[in-house]
Amino acid sequence: PMLHKEKTMNKNIVFFALAAFIMLGAIRADAQPAEKVHRIGILSAASEVPQFFAAFRERLRELGHVEGKNISFERRYAAGDVDRLPGFAAELVKEQVDVILAVTVPAVLAAKKATTTVPIIMYGVPDPVGIGLVESLASPGGNITGLSTLGVDLSGKRLELLKETIPKLARVAVLWNASDRGMTLMSERIQTAGQALA
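This write-up is about the structure you can find in this document.

With respect to the environment of G124
Here is step 1: Tracing the backbone shows G124 in strand β4 (residues 120-125).
Here is step 2: The spatial distance from the C-alpha of G124 to the C-alpha of V103 is 5.8 Å, given a sequence separation of 21 residues.
Here is step 3: With sequence-adjacent residues up to four places away left out, G124 is seen in contact with T104, V105, L147 and T149.

Re the sheet that holds β4
Here is step 1: Spatially, five strands are ordered β2-β1-β3-β4-β5 in an open sheet, and the strand pairing comes out parallel. Edge strands, defined here as strands with exactly one partner in the open sheet, are β2 (71-77) and β5 (144-148). Recorded for the sheet is a direction-independent mean angle of 20 degrees between the axes of neighbouring strands.
Here is step 2: As paired elements, strand β1 (residues 38-44) and strand β3 (residues 99-103) share five bridges and run parallel to each other. Looking at the pairing, L43 lines up with A102 of β3.

Here's the deal with unusual backbone geometry
Here is step 1: The backbone phi angle of A79 is positive, close to 50 degrees, even though this residue is not glycine.
Here is step 2: One can find A79 in the loop between β2 and α3 (85-94).

As for the packing of α3 against helix α4 (residues 105-114)
Here is step 1: The geometry of α3 relative to α4 is characterised by a closest axis approach of 8 Å and an angle of 50 degrees between their N-to-C directions. As judged from the angle between their axes, α3 and α4 are oblique. The handedness of the crossing between α3 and α4 is right-handed. Along the contact surface, α3 presents L85, P86, A89, A90 and V93, while α4 presents P106, A107, A110, A111 and A114.
Here is step 2: Class assignment of the residues belonging to the contact of α3 with α4 gives a composition of ten nonpolar, no polar and no charged.

Things to note about the pairing of β4
Here is step 1: Judged from the four bridges that link them, β3 and β4 form a sheet pairing that is parallel. The partner of L101 across the bridge, within β4, is I121.
Here is step 2: You can see the chain leave β3, run along α4 and come back into β4, and the turn it takes is right-handed.
Here is step 3: Both β4 and β5 contribute to a ladder of four bridges, which runs parallel. From the neighbouring strand, I120 faces β5, where its bridge partner is I144.

Here's the deal with the nonpolar core
Here is step 1: One finds L43, I100 and L133 to be the most contacted residues of the largest nonpolar core, which totals 24 residues.
Here is step 2: When residues of this core are traced back to their parent elements, those giving at least two are α3, β3, α4 and β4.
Here is step 3: Broken down by element, this core gets its largest block of residues, five residues, from α4.
Here is step 4: Counting residues in hydrophobic clusters, the runner-up holds ten residues, among them I42, F52, F73 and V99.

Remarks on the side chain of T115
Here is step 1: On the secondary structure map, T115 appears in the loop between α4 and β4.
Here is step 2: Of note is the side chain of T115, whose polar atom sits 3.0 Å from the backbone nitrogen of T117.
Here is step 3: Not counting chain neighbours up to four residues away, the residues in contact with T115 comprise V93, I100, I120 and N143.

What to know about the environment of H65
Here is step 1: Inspection of the secondary structure assignment puts H65 in the loop between α2 (50-62) and β2.
Here is step 2: Residues H65 and V37 lie 28 residues apart in sequence; the distance between their C-alpha atoms is 9.3 Å.

Here's the deal with the side chain of D127
Here is step 1: Looking at the secondary structure, you find D127 in the loop between β4 and α5 (128-131).
Here is step 2: For D127, a relative accessible area of 19% gives the class buried.
Here is step 3: One polar contact links the side chain of D127 to the main-chain amide nitrogen of G130, over a distance of 2.9 Å.

Here is what the cut-offs are and how they apply
Residues numbered from 1 in each chain as written. Predicted model: local features only at pLDDT ≥ 70, side-chain atom pairs only at ≥ 80, totals over all residues. Heavy atoms only, no water. Helix = DSSP H or I, 4+ residues; strand = E, 2+ residues; numbered from the N terminus. Contact = heavy atoms within 4.5 Å. Pairing = 2+ DSSP bridges. Axes fitted to C-alpha atoms, helices over the stretch in contact; angles between N-to-C directions. Parallel < 35°, antiparallel > 145°, perpendicular 65-115°, else oblique. Left-handed = near helix turned anticlockwise from the far one by under 90°. Nonpolar A, V, L, I, M, F, W, Y, C, P; charged D, E, K, R; others polar. Right-handed = clockwise from strand over helix to strand, strands pointing away. Core = buried A, V, L, I, M, F, W, Y, C linked by side-chain atoms within 4.5 Å. Buried < 20%, exposed > 50% of the residue type's maximum accessible area, 1.4 Å probe, protein only. Polar contact = N/O pair within 3.5 Å; in protein donor to acceptor, adjacent residues only side chain to side chain.

Structure, rendered in structure tokens:
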């Protein structure tokens, strides 16, 4: 009977030790969860801009975010066909990306219409306040932030510099995409500067 009791005790000790080992392993697994993969949506009216995107990925890598490890990219390029952007933006929202990087005004406008909750980072936008994307540069409000190119503010200055370089300059042709609000604002600023220089 004593031998049987010892065997039973030994079995219980082994069982509890094994249970404790398994529980400890589970706690450690909980303490160190697998790294979340963040999904970044790229939305562009053009095709991919290799220089910009390479620099973007390099900076992410420096910050410890590596494609295939802890981030992934969902790319949508309209290749000049801006009518495709609303559909692309809706796809990115449906795929539950964590953030949308929108390149150029038409892409940012499409992203803004598609979501008020997914953060949007704008790039290549000449006047986000004038276009109506953000309330102000200091306090954008909503879900949009990013970089402004100051293209509208510099448009008139560029014409002034051109006139200084070529004093006899009398006529300048300006080509722009009328469906792009940013380009339209730049065109208007150039016309205003041109009238002042006439």
